[in-house]
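Coordinate inspection notes
Take a look at the letters that make up each chain.
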Amino acid sequence: MLEVKKSWKDWKLFTKNGRQFWAYKSKAEKLEDVVHENHELSEADICQMKEDFAFNKAVNPNSGDKVFRHLQIAKGFEAYKNEAKSDAFEDKVEHTIKKGFHFFKHLLSDEGHLPGDYGGPMFLMPGLIIASYLAKKPLPNQHQELMKIYINNHQNDDGGWGFHIEGHSTMFGTVMQYVSMRLLGADKHEPSLAKARNWIKANGGASSIPSWGKYYLSVLNVYDWKGFNSVFPELWLLPKWLPFHPSRYWCHSRMVYLPMAFCFGHKIKAEENDLILSLREEIYTEKYEEINWKKQRDNCAETDMYTDQTKWLKLMNWFTNTYEKVAPKFLRKRALNYIMDYINAEDIQTKYVNIGPVNQAMNSICVWKEYGADSEQFEKHYERWFDYLWLAEDGMKMGGYNGDQLWETAFTIRAMNESKIGKEFPEAMTKMYDFVDYTQIKEENYKHEEFFRQPAKGGWPFSTLEHAWVVTDCTAEGLGACLSMHHQKIGEQKVSGDRLKEAVDLLLGMQNKDGGWATYETTRSYNWLEKLNPSEVFADIMQDYSWVECTSATIQGLLEFKEQYPDYRKAEIEEAVVEGLEVILEKQRADGSWYGGWGVCFTYGTMFGIEACARIKGLGIYDAAKLDKVMAKACDFLVKHQKADGGWGESFESCSTKEYVEAYTSQVINTAWSLLGLMAANYKDASVIENGMKLLMSRQTNEGDWLQENISGVFNFNCMETYSNYRNIFPLWALNRWYGKQIK
Ligand code: LAN
């Protein structure tokens with residue numbers, strides 16, 4: 001049976017309305033009571049933690065989410081008793097699915113969602129640690145100890161840290177972890193830190209950290225704001241019709257550059273003290289006082305550079321940096337007041353969760369500056385920091401979001417409903433459905449129009465209802481999950497037809513002019529805006545673009561809806577999906593694949609591309625022969641990459657190089673995505689599919705789990721993200737799609 005290590009047992013995951021919250025040695029019954037629990041740790045406690053959270057990055061830099069999973073299983077787990085009915089392939093498949101879901105349902109929270117590790121990026125937690133240091137609002141001791149363990153666990157052999165857990169060492173990753181360790185109390189003489197300093201100095205010193213790192217170092221007062229290209233707070237005061245007005249940015253960029261502009265405008269910086277003075281000595285190659293700051297503005301380490309500065313960006317920087325010298329005080333004040341109002345509105349709209357981890361930390365810094373650490377607003381931020389912190393066997397990390405609760409729950413429902421097997425687990429299925437029901441956005445956001453948010457009512461977010469930023473494909477998956485439950489007639493229908501129609505209305509309203517669907521909002525400007533991307537480390541962040549995944553998921557959601565509600569906005573739905581399909585077809589590459597922007601990578605994108613074509617093919621609204629050709633080409637691509645053991649394995653490097661990079665070994669998630677695509681296209685060579693399925697079945701553990709393999713998620717081409725439940729969801733889905741096709 002799975003082993004629960006000693007100090008893991010001191011931890012408990014609380015959940016409420018989807019909110020996830022790890023508490024240590026807590027006697028509290030309710031989540032509200034655990035926020036301020038702080039434990040004095042004994043040496044023995046710390047030693048035990050270090051022993052129990054020892055983790056070998058060389059084996060796999062990804063955690064297997066063992067703390068959560070093992071604790072959950074320890075609550076009570078009966079092994080799946082039934083045997084496969086016979087040795088026939090079909091019976092084995094059925095058995096693997098049932099055993100797999102029997103295990104997986106034990107991970108369900110009481111509220112019906114699937115908590116899990118959503119870590120990966122290494123630049124998130126340092127932001128929070130800096131915010132906490134600035135405000136003198138330390139995280140509980142137990143959290144701090146586990147954060148240090150996490151950072152230590154993820155150090156590369158060369159002494160540096162990556163941008164994400166699987167990546168090569170970068171200046172951003174390394175300086176941020178180094179500084180974090182020091183703020184958490186680590187001594188600069190610790191061997192791991194000495195090694196890190198060597199890496200930093202050998203690679204050009206901290207002045208070559210990318211601009212987001214420059215921002216963090218500046219607020220910490222270990223970098224000079226003079227070495228930072230202006231973020232021009234007055235941009236917000238310009239007329240909104242301008243195509244480069246920041247209200248047109250992708251919401252994540254908008255929400256990052258907004259608080260960044262506030263900090264820049266105020267030149268926020270921590271008080272000088274011994275630690276700050278010492279850090280200034282530790283991370284640069286030259287003496288701090290002698291650094292020519294202006295020259296550092298565009299200095300970015302080679303290890304980090306992903307998106308080069310364009311001449312347009314340089315021109316804009318020249319303009320904004322020049323303006324900075326003469327910026328009239330009254331305009332600056334107006335701009336900063338406006339920004340603070342906006343930050344307040346985002347805080348209130350998201351119940352202080354904020355759209356993501358970066359702006360959670362940044363908004364906390366702004367709110368601290370404006371209202372102080374004792375203010376009610378700051379307190380509310382502090383409470384939300386915990387929503388982003390996740391505990392696994394590699395330590396405590398900050399997730400890329402406050403979780404992926406809705407997303408993975410909806411996927412699981414849809415996966416299980418591809419055959420009648422879902423019906424055999426009515427209790428678990430209804431519990432998940434209840435969560436999806438609860439998480440649909442039922443009212444419009446406060447001030448959404450004033451602050452550039454699109455309508456959200458009827459949609460689904462990626463994580464929780466409190467977060468409530470609507471996402472196109474999350475809405476489509478939420479909709480699809482409900483429809484699949486209604487179709488299979490599992491439990492009573494709680495999400496009414498009217499609510500489903502609201503979701504459809506919302507999706508139709510979110511279609512882009514080009515016919516596709518973007519992530520949170522419609523595309524608001526022109527592609528040239530990307531030339532002003534100042535981030536160095538990300539691509540395509542300036543505005544929200546149409547993606548194959550979002551477009552395909554929306555097409556599928558709309559068509560699944562149409563099957564059950566054939567008359568509702570029939571013509572509009574048909575027109576919308578055909579326009580969406582055109583975008584998908586345009587995005588198909590010459591080799592038949594699609595690039596996936598949010599999963600690793602071509603196997604993910606190609607699954608979505610094929611699924612959209614397959615869904616439309618039989619409806620008589622598009623040239624079926626053309627779709628057959630498109631799908632055949634896509635299948636050829638997938639088959640070409642099948643490995644000898646029957647599986648598929650793709651490396652995260654596919655995402656940044658934009659070419660298929662094969663992983664050394666087959667990966668269950670890539671295998672499942674490829675199979676799902678092939679099966680959607682009704683690929684004729686059964687042996688290709690069966691070999692892939694056999695690989696999936698052979699990797700199932702005795703308990704019915706699958707082991708964590710490589711990282712499977714990505715954002716903005718260059719940063720990777722863990723989806724710890726994908727290793728269960730997608731193998732189950734692929735097997736069940738096959739099973740559903742055999743057993744009607
Ligand atoms: C996510 C997570 C979910 C993801 C899908 C729903 C899978 C996708 O189909 C649409 C885009 C979306 C919603 C998405 C966008 C970018 C996010 C929010 C993330 C990958 C999670 C973390 C990332 C966010 C931008 C991280 C913070 C970094 C910045 C550049 C601000």
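Before any of the text, the structure's been laid out above.
First, a word on what this report is: a plain description of the structure on this page. (Residues numbered from 1 in each chain as written. Predicted model: local features only at pLDDT ≥ 70, side-chain atom pairs only at ≥ 80, totals over all residues. Heavy atoms only, no water.)

A closer look at the overall build of the chain
Tallying secondary structure elements over the chain gives 28 helices and eight strands in all. Rg of the C-alpha trace for the chain: 25 Å, near the compact-globule value of 27 Å for 744 residues, within the 12% margin. When the backbone C-alpha atoms are referred to their principal axes, the chain occupies close to 75 × 60 × 45 Å. Burial statistics for the chain: of 744 residues in total, 67% are counted as buried. Across the chain, the fraction of contacts at a sequence separation of at least 24, relative to all contacts at a separation of at least 6, is 74%. With an accessible surface of roughly 27,200 Å², the chain has 51% of that area assigned to carbon and sulfur atoms. Of the side chains in the chain, 87 bear a positive and 103 a negative charge, and the two mean positions are spaced by 2 Å. (Helix = DSSP H or I, 4+ residues; strand = E, 2+ residues; numbered from the N terminus. Rg over C-alpha atoms; globule rule 2.2 N^0.38 Å. Buried < 20%, exposed > 50% of the residue type's maximum accessible area, 1.4 Å probe, protein only. Contact = heavy atoms within 4.5 Å. Areas by Shrake-Rupley, 256 points an atom, 1.4 Å probe, with all protein chains shown as cover. Lys, Arg positive; Asp, Glu negative; His and termini not counted. Charge placed at Lys NZ, Arg CZ, Asp CG, Glu CD.)

Details of the environment of Leu-696
Of note, Leu-696 is situated in helix H27 (residues 686-698). Between the C-alpha atoms of Leu-696 and Ala-672, which are 24 residues apart in sequence, the distance is 7.6 Å. When sequence neighbours within four positions are dropped, the list of residues in contact with Leu-696 reads Val-668, Thr-671, Ala-672, Leu-675, Trp-706, Pro-731, Ala-734 and Leu-735.

A few points about the environment of Asn-60
With respect to the element layout, Asn-60 can be found in the loop between helix H2 (43-52) and helix H3 (66-74). With residues near it in sequence (within four places) discarded, Asn-60 still touches Phe-55, Gln-708 and Glu-709. At 3.1 Å, the side chain of Asn-60 forms a polar contact with the backbone oxygen of Glu-709. (Polar contact = N/O pair within 3.5 Å; in protein donor to acceptor, adjacent residues only side chain to side chain.)

So, the packing of helix H17 (residues 405-416) against helix H19 (residues 472-488)
Two elements in contact, H17 and H19, have axes whose closest approach is 8 Å; the angle formed by their N-to-C orientations is 35°. Handedness of the crossing formed by H17 with H19: left-handed. Together, Leu-406, Trp-407, Ala-410, Phe-411, Ile-413 and Arg-414 of H17 and Asp-473, Cys-474, Glu-477, Gly-478, Gly-480, Ala-481, Ser-484 and Met-485 of H19 make up the contact between the two elements. Across the contact of H17 with H19, the residue classes tally to eight nonpolar, three polar and three charged. (Axes fitted to C-alpha atoms, helices over the stretch in contact; angles between N-to-C directions. Left-handed = near helix turned anticlockwise from the far one by under 90°. Nonpolar A, V, L, I, M, F, W, Y, C, P; charged D, E, K, R; others polar.)

Brief notes about the site of the ligand
Looking at the ligand, there are 22 residues lining it, with Tyr-118, His-252, Gly-400, Phe-462 and Asp-473 nearest. Between an oxygen atom of the ligand and a side-chain N or O atom of Asp-473, the distance comes to 2.3 Å. Relative to its free-state accessible area of 630 Å², the ligand is covered by the protein chains to the extent of 99%. Of all elements in the fold, only helix H10 (251-266) and H19 reach the threshold of two or more residues within the shell around the ligand. Taken together, the residues that form the shell around the ligand break down as 16 nonpolar, four polar and two charged. (Near = heavy atom within 4 Å.)

Some details on the pattern of salt bridges
Evaluated as defined, the whole model comprises 42 salt bridges. In this structure, Lys-98 engages Glu-424 in a salt bridge whose closest nitrogen and oxygen atoms are separated by 2.9 Å. With Lys-98 in helix H4 (residues 89-104) and Glu-424 in the loop between H17 and helix H18 (426-439), this pair connects stretches of sequence that are 326 residues apart. Of the residues examined, Lys-98 reaches a relative accessible area of 11% and is grouped as buried. For Glu-424, a relative accessible area of 48% corresponds to the partly exposed category. The salt bridge involving Asp-117 is made with Lys-397; its shortest N-O contact spans 2.6 Å. Placement of the pair is Asp-117 in the loop between H4 and helix H5 (125-134) and Lys-397 in strand S6 (residues 395-398), with a sequence separation of 280 residues. (Salt bridge = Lys/Arg side-chain N within 4 Å of Asp/Glu carboxyl O.)

What about a nonpolar patch on the surface?
Taken together, the side chains of Phe-244, Tyr-526 and Trp-528 make up a nonpolar region of the molecular surface, amounting to roughly 320 Å² of accessible area. Looking at the element boundaries, Trp-528 is found in the loop between helix H20 (497-509) and helix H21 (548-564). Looking at Trp-528, the relative accessible area reads 40%, which means it is partly exposed. (Patch = residues over 30% accessible without salt bridge, like charges linked within 9 Å, V, L, I, M, F, W, Y side chains within 5 Å.)

Details of the nonpolar core
Ranked by size, the top nonpolar core spans 254 residues in total, and within it Trp-22, Phe-123, Tyr-215, Leu-217 and Phe-730 carry the most contacts. Sorting elements by how many residues they give to this core places H10 first, with 10 residues. The contacts of Phe-730, once residues within four sequence positions are left out, are Phe-411, Met-607, Ala-672, Trp-673 and Leu-676. (Core = buried A, V, L, I, M, F, W, Y, C linked by side-chain atoms within 4.5 Å.)

Things to note about the pairing of S6
The two faces of a sheet get side chains in turn, since along a regular strand they alternate between them. Summarising the sheet, strand S5 (residues 389-392) and S6 pair through four bridges and their orientation is antiparallel. Note that in S6 the partner of Leu-389 across the bridge is Met-398. Between the end of S5 and the start of S6, which pair antiparallel, lie two residues. (Pairing = 2+ DSSP bridges.)

Points about the packing of aromatic side chains
One pass over the full model with this rule turns up 65 aromatic pairs. Between the aromatic rings of Phe-232 and Tyr-323, the centroid separation amounts to 5.1 Å while the plane-to-plane angle is 70°, which identifies the pairing as edge-to-face. On the criterion of sequence distance, the pair formed by Phe-232 in the loop between helix H9 (211-219) and H10 and Tyr-323 in helix H13 (residues 311-326) is long-range, its members being 91 residues apart. Side by side, Phe-232 and Tyr-323 carry an identical accessibility label, which is buried. (Phe/Tyr/Trp six-rings, centres within 6.5 Å; stacked < 30°, edge-to-face > 60°.)

Looking at the state of the cysteines
For the coordinates displayed, the defined rule picks out zero disulfides. Lacking any disulfide linkage, Cys-613 is separated from the closest cysteine sulfur, that of Cys-635, by 10.0 Å. (Disulfide = S-S within 2.5 Å.)

Things to note about the environment of Leu-128
Along the chain, the position of Leu-128 falls in helix H5. A C-alpha to C-alpha distance of 30 Å links Leu-128 and Thr-522, two positions 394 residues apart in sequence. With sequence-adjacent residues up to four places away left out, Leu-128 is seen in contact with Ala-361, Trp-385, Leu-389 and Met-398.

Details of H21
Between its first and last C-alpha, H21 extends 25 Å over 17 residues, near the 24 Å set by a 1.5 Å rise per residue. The buried fraction of H21 amounts to 15 of the 17 residues, a majority that puts the element mostly inside the structure. (Expected span 1.5 Å × (residues − 1).)

Topic: the pairing of strand S2 (residues 19-24)
For S2, the buried fraction is high: six of the six residues fall into the buried class. Because side chains alternate across S2, one face comprises the buried residues Arg-19, Phe-21 and Ala-23, and the other comprises Gln-20, Trp-22 and Tyr-24, equally buried. Pairing analysis gives six bridges linking strand S1 (residues 11-16) to S2, with the strands arranged antiparallel. Its bridge partner lying in S2, Lys-12 is registered against Ala-23. The turn linking S1 back onto S2 is made up of two residues, and Asn-17 within it adopts a positive phi angle of 50°.

Things to note about unusual backbone geometry
Cis geometry is adopted by the peptide bond preceding Cys-601, which originates at Val-600 and carries an omega value of -20°. Mapped onto the elements of the fold, Cys-601 is located in the loop between helix H22 (570-587) and helix H23 (602-617). The backbone of Tyr-352 shows a phi angle near 70°, a positive value even though the residue is not glycine. Its location among the elements puts Tyr-352 in the loop between helix H14 (329-349) and helix H15 (357-371). Unlike most non-glycine residues, Lys-489 shows phi in positive territory, near 55°. Within the fold, Lys-489 resides in the loop between H19 and H20. On the basis of relative accessibility, which here comes to 68%, the residue Lys-489 falls in the exposed class.

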